[in-house]
Amino acid sequence: MMVNEIEDADKNILGYEPISKLLKMFAGPAIISMLASSLYNIIDQIFIGHAVGYLGIAATTIAFPIVTIVMSVGTLLGVGGSAFAAIKLGEGNKRDAERILNTVASVLLVVSFCMVVLGLLFLEPILTLFGATDATMFYSKQFGGVMIAIIPLTTYVIALANMARTDGNPRLSMRALVGGVIINIILAPIFIFSCGWGILGAALATACAQAFSVCVLVWYFTKCGKMRFNKYDFFHPHRVLLNRVMAIGASSGLVQLSSTILQIVLNNSLLYYGNLETIGGDAAIGAMGIVMKVNMVFISICIGIGIGAQPIVGFNRGAEQYKRVKTVYKMAAKWATLITCIGWSCCMFMPHAILQIFGSGSSPGFLNFATDCMRLFLGGVFTAGFQIISTSYFQATGQPLKASILSLMRQFILLIPLIVMLPIWFGLYGILYAGVIADLISATCVFIFIYREMKKLNKLITA
């Protein structure tokens, strides 16, 4: 993606610069971009928690599968399109790269508007499926309705941000996303408190922020990108290229889709078993919503490190510099593990301080259950860092089957069945135990995979 920007007259710096310097160079923008993406919902929940309380937090958690479904569509075409366009640019085929850009933009626009129409027509049944009750339906419809209405903006932000990185401008992608977050931070309290719009104000602030990001990215590809929008390719999407884009992006889209299924199963399990306890299902969903958003911060940083490590690993694997490949993996895994250990420590030893940020202390029983959620459900999150880096490693070294299996291991293969089964014996807290058990089992599986891979790498180093 950035190779053309970092070449000198003789060779690529990916092959000779110190690994620590390269990781900082590549991972920095990726971390900021990933954090910016995750902060949208977190900012909303913080302000909503203070303005509306736990029912508002529960409503945003219930509506969150809408966001993840949209992200799966944007990721399917955005990641697939950016990867395929990168191949075409590497081959010197700028014409096909521009066709890919315009095909992705055109198809996303049509698909997005279809999703908006269907989503608004069936909004209430959808939210009921996601776990909404009489107490949360009004708030869920306000927040979820806006999230559905801005589906075209959301998909364009995801897809065009990826395409901008492929076009050799990751900093513009980062600025577009960060600028949107700043606008969200400014507008959310104004709309929620000053205008008195409550949860609707939070959703509208997100809409304005995403509109800004889309405007920046569309302007870039219209005026100054290496790849450009053009009327002919936009109105004549290329079916063969689209099929290849979808094939490449399928695994990333599948991971996002599994997140949607997990969220739906989790919400409904919390609602059912929470109503059997004194805390109630709505409060249980709200508590878990906070925990998941807190976890998202640390996971986003690790994903950013993994994204930054991928081109370095891939280049040096291709150049048969296996010692550098191992060094990249070890350093990235060390950094990511440090981040998740810090996150784990915060959740274990200062959960009350974190929860107070979301305005959760005023609801009786809510704070205690949210604390238990944080300490139990995230009890094994210290293992997430090296798991994410290991998955990124297998992607970068051309082992997509291993990468896909490991990506789906925790939340789809393990966590969803555990969330369904454990509450049969342990009630509501069985859901919390499911999180830590899934983390530890998946970490063990990933360790076995990566241990064997490092043994192969050591043989190549000494050969």
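Residues numbered from 1 in each chain as written. Predicted model: local features only at pLDDT ≥ 70, side-chain atom pairs only at ≥ 80, totals over all residues. Heavy atoms only, no water.

This structure, assessed with the given rule, holds one cavity of 30 Å³ or more. Taken as a whole, the largest cavity spans an internal volume of roughly 50 Å³. Of all the secondary structure elements, the ones that give two or more residues to the lining of the largest cavity are helix H11 (281-318), helix H12 (322-349) and helix H15 (384-396). (1 Å grid on protein atoms, 1.4 Å probe; cavity = no way out; pocket = protein on both sides within 12 Å on 5 of 7 lines; lining within 4 Å. Points joined across faces, edges and corners; volume = space filled by probe spheres on them. Helix = DSSP H or I, 4+ residues; strand = E, 2+ residues; numbered from the N terminus.)

Here we come to a positive patch on the surface. Together, Arg452, Lys455, Lys456 and Lys459 give the surface a local cluster of positive charge. Taking the relative accessible area as the measure of exposure, Lys456 reaches 49% and is therefore partly exposed. (Patch = residues over 30% accessible without salt bridge, like charges linked within 9 Å, V, L, I, M, F, W, Y side chains within 5 Å. Areas by Shrake-Rupley, 256 points an atom, 1.4 Å probe, with all protein chains shown as cover. Salt bridge = Lys/Arg side-chain N within 4 Å of Asp/Glu carboxyl O. Lys, Arg positive; Asp, Glu negative; His and termini not counted. Charge placed at Lys NZ, Arg CZ, Asp CG, Glu CD. Buried < 20%, exposed > 50% of the residue type's maximum accessible area, 1.4 Å probe, protein only.)

Overall, the coordinates contain six salt bridges when judged by the stated rule. Arg95 is paired through a salt bridge with Asp233; the nearest N and O atoms lie 2.6 Å apart. One end of the pair, Arg95, is in helix H3 (residues 94-121); the other, Asp233, is in helix H9 (residues 231-235), with 138 residues separating them in the sequence. Arg95 gets classed as partly exposed once you look at its relative accessible area, which sits at 38%. Arg99 is the partner of Asp96 in a salt bridge, and the nearest nitrogen-oxygen pair spans 3.0 Å. Taken together, the positions of Asp96 and Arg99, both in helix H3 and three residues apart, correspond to about one turn of that helix. Note on Arg99: relative accessible area 27%, which makes it partly exposed.

On to a nonpolar patch on the surface. A grouping of Val420, Met421, Ile424, Trp425, Phe426, Tyr433, Ile437 and Ile441 is seen on the molecular surface, where their side chains present a nonpolar patch of about 790 Å² in accessible area. When residues of the nonpolar patch are traced back to their parent elements, those giving at least two are helix H16 (400-426) and helix H17 (428-462). By the element assignment, Trp425 lies in helix H16. Look at Trp425 and you get exposed, because its relative accessible area is 63%.

Glancing now at the confidence of the model for the protein chain. In this model, the protein chain carries an average pLDDT of 88, and 96% of its residues clear a pLDDT of 70 or more. Taken element by element, the predicted model of the protein chain shows its lowest mean pLDDT in helix H1 (residues 19-51) (83) and its highest in helix H4 (residues 123-129) (96). Every residue in residues 1-10 scores below 50 in pLDDT, and together they form 17 contacts with partners more than four places removed in sequence or on other chains. (pLDDT = per-residue confidence, 0-100. Contact = heavy atoms within 4.5 Å.)

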